[in-house]
Amino acid sequence: MPTYAYTARNMAGKTVTGSIEAANEREVASLLSEQSLFPSKVAATDNASAGSIFGKRKKVKGQVMATYYGQLASLLRSGVPMMRSLTVLGEQATDPVLSEIIKDIRARVEDGEPMGIAMARYPGVFSEMAVNMVKAGTEGGFLEDALERVSTFTELQEDLKGRTISALAYPVFLFSVGSLVISGLLVFFVPKFDAMFDRLRRKDEMPWYTESLLSFSGVLQSYGWLLLLVAIAVVVLVKVRLSSEAGKQTVDKAKLRIPVLGDILMNLAVARFCRVLGTLLGNGVPILKSLEISRSAAANRLLSQSIADATDNIRGGESLATPLRASGYFPPSVVEMISVGEESNSLEKVLPEIADSLEKRTVRRLDLFVRLLEPMMLLVMAFLVLAVVLALLVPVLKSSTSL
């Protein structure tokens with residue numbers, strides 16, 4: 001049961017503070033009233049509140065959330081009351097975190113708190129887009145449709161994320177295994193040849209590349225642990241540096257400059273922006289609020305700044321397409337479709353179509369990129385292993401011919 005900290009006044013008018021366990025804030029007020037205390041402030045404590053434990057420290061998988069949105073929409077559309085729907089979903093939820101969250105949301109809604117505001121207490125579970133669509137659906141009387149669209153959007157995003165991760169899994173595996181093999185050769189295998197080449201060193205017939213390889217192997221064997229610590233320290237320092245706003249801006253710029261992959265990442269960000277914006281507009285969320293939410297959903301600061309400029313244009317009564325075209329980050333075809341959507345007053349229909357088309361093309365390019373990356377990585381690993389073998393084999397052959 002959550003713990004609440006309170007500030008209250010007693011019958012003598014003195015301020016009293018303390019904490020109390022209760023199911024919700026209404027029960028806190030009731031319990032304090034029984035003690036002749038009149039609360040002026042009640043807040044869930046950070047270490048015990050459902051919002052803190054489940055909303056910030058833990059997350060729920062996207063596919064689980066998509067199922068939850070879809071089930072809630074189906075129950076409401078079938079005429080099941082909101083309280084009953086939340087009770088059923090809270091009891092049957094397989095994820096314990098989501099189960100506790102649904103129960104807390106039900107208690108808050110029962111106390112009169114709007115569902116969108118109750119969801120907003122869990123930013124780690126409910127996205128800003130989902131919260132605003134539920135708010136719009138509650139106010140406009142189309143909550144079932146809003147939840148259905150959130151479910152569909154979440155499923156599409158999870159599907160795209162899964163395809164991207166699965167496409168990159170094998171290249172990452174190849175790189176990891178190849179790195180371990182090369183490191184093992186240099187640390188454990190190469191040093192065993194050092195004593196065999198003493199006679200070639202005395203004759204000054206040792207190839208320079210073999211000597212370099214043996215020296216590098218010796219450094220790894222003697223100071224490998226120190227180099228590992230330095231590498232970890234560098235990674236930590238870089239991570240701290242990149243966690244700043246300037247560092248994140250630098251990372252976003254660097255991503256876009258990667259050959260081939262930069263264009264893929266930008267197109268995926270544009271597609272995500274178009275889908276979020278179209279979904280919000282289609283559910284009655286005002287365009288300025290929709291742009292603000294979709295700006296954060298783009299997950300790229302350069303693109304986000306372009307969207308911010310577009311928002312300023314909208315406030316000034318101008319079009320959305322003009323600043324997007326000037327930014328240079330949006331493909332010309334996308335800008336033209338947005339312009340046509342604005343002129344025909346069908347932007348909420350055009351944007352999801354843009355996202356679908358852009359995602360399909362980009363995923364095909366990503367698949368092709370990964371297919372080319374796999375043989376390239378195999379060739380690089382094979383070249384490195386061959387270089388090590390030749391660096392050791394050439395002195396051996398030279399030594400045997402000079403006998």
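Residues numbered from 1 in each chain as written. Predicted model: local features only at pLDDT ≥ 70, side-chain atom pairs only at ≥ 80, totals over all residues. Heavy atoms only, no water.

A. Spatial organisation of the overall build of the chain. Helix and strand content of the chain: 17 helices and three strands. Radius of gyration (C-alpha) of the chain: 30 Å, far over the 22 Å computed for a compact globule of 403 residues. Once the C-alpha set of the chain is aligned to its principal axes, its extents read approximately 105 × 60 × 40 Å. Residues counted as buried form 38% of the 403 residues belonging to the chain. Surface accessibility of the chain: about 22,300 Å² in total, with carbon and sulfur atoms responsible for 60%. Here the chain contributes 44 positively and 41 negatively charged side chains, and the mean placements of these two sets differ by 6 Å. (Helix = DSSP H or I, 4+ residues; strand = E, 2+ residues; numbered from the N terminus. Rg over C-alpha atoms; globule rule 2.2 N^0.38 Å. Buried < 20%, exposed > 50% of the residue type's maximum accessible area, 1.4 Å probe, protein only. Areas by Shrake-Rupley, 256 points an atom, 1.4 Å probe, with all protein chains shown as cover. Lys, Arg positive; Asp, Glu negative; His and termini not counted. Charge placed at Lys NZ, Arg CZ, Asp CG, Glu CD.)

B. Region of interest: the pattern of salt bridges. Within the structure shown, the criterion is met by eight salt bridges. A salt bridge links R77 to D145; the shortest N-O distance between them is 3.2 Å. With R77 in helix α3 (residues 62-77) and D145 in helix α8 (residues 143-189), the pair connects residues that are 68 residues apart, well separated along the chain. Looking at R77, the relative accessible area reads 48%, which means it is partly exposed. (Salt bridge = Lys/Arg side-chain N within 4 Å of Asp/Glu carboxyl O.)

C. Spatial organisation of the nonpolar core. Judged by nonpolar contacts, the single largest core of 35 residues is most densely connected at Y68, Y69, I105, M115, M119 and F126. Elements with a minimum of two residues in this core: α3, α4 (82-92), α5 (96-110), α6 (115-120), α7 (128-140), α8 and α12 (261-282). For F126, the residues in contact, after removing those within four places along its chain, are M65, Y68, Y69, I101, I105, M119 and V131. Counting residues in hydrophobic clusters, the runner-up holds 26 residues, among them A269, V270, F273 and V350. (Core = buried A, V, L, I, M, F, W, Y, C linked by side-chain atoms within 4.5 Å. Contact = heavy atoms within 4.5 Å.)

D. Quick look at the confidence of the model for the chain. In this model, the chain carries an average pLDDT of 80, and 91% of its residues clear a pLDDT of 70 or more. A low-confidence stretch, residues 46-57 stays under pLDDT 50, and its non-local contacts, those more than four residues away or across chains, total 25 contacts. (pLDDT = per-residue confidence, 0-100.)

E. Examining the packing of α4 against α5 more closely. One can describe the packing of α4 onto α5 by two numbers: an axis separation of 8 Å at closest approach and a directional angle of 160 degrees. Between α4 and α5, the angle falls in the class roughly antiparallel. Classified by chirality, the crossing of α5 by α4 is left-handed. Judged by residue contacts, M82, M83, L86, T87, L89 and G90 of α4 engage S99, I102, K103, I105, R106, V109 and E110 from α5. (Axes fitted to C-alpha atoms, helices over the stretch in contact; angles between N-to-C directions. Parallel < 35°, antiparallel > 145°, perpendicular 65-115°, else oblique. Left-handed = near helix turned anticlockwise from the far one by under 90°.)

F. Representation of the side chain of D95. Along the chain, D95 falls in the loop between α4 and α5. For the buried D95, no salt bridge is present, and the opposite-charge side chain at shortest range is K61, 7.3 Å distant. Non-local contacts of D95, meaning those with residues more than four positions away in its chain, are made with V60 and V64.

G. Just the packing of aromatic side chains, in detail. Under the definition given, this model contains five aromatic pairs. Summarising the aromatic geometry, the rings of Y68 and Y69 are spaced 5.6 Å apart at their centres and angled 50 degrees between planes, so their arrangement reads as tilted. Take Y68 and Y69: they sit in the same class, and that class is buried. Taking 6.3 Å as the distance between ring centres and 55 degrees as the angle between the ring planes, the aromatic pair formed by Y68 and F126 counts as tilted. With Y68 in helix α3 and F126 in the loop between α6 and α7, this residue pair connects regions lying 58 residues apart in the sequence. A relative accessible area of 3% means that Y68 is categorised as buried. One aromatic cluster is present, built from ring pairs that chain together Y68, Y69 and F126. (Phe/Tyr/Trp six-rings, centres within 6.5 Å; stacked < 30°, edge-to-face > 60°.)

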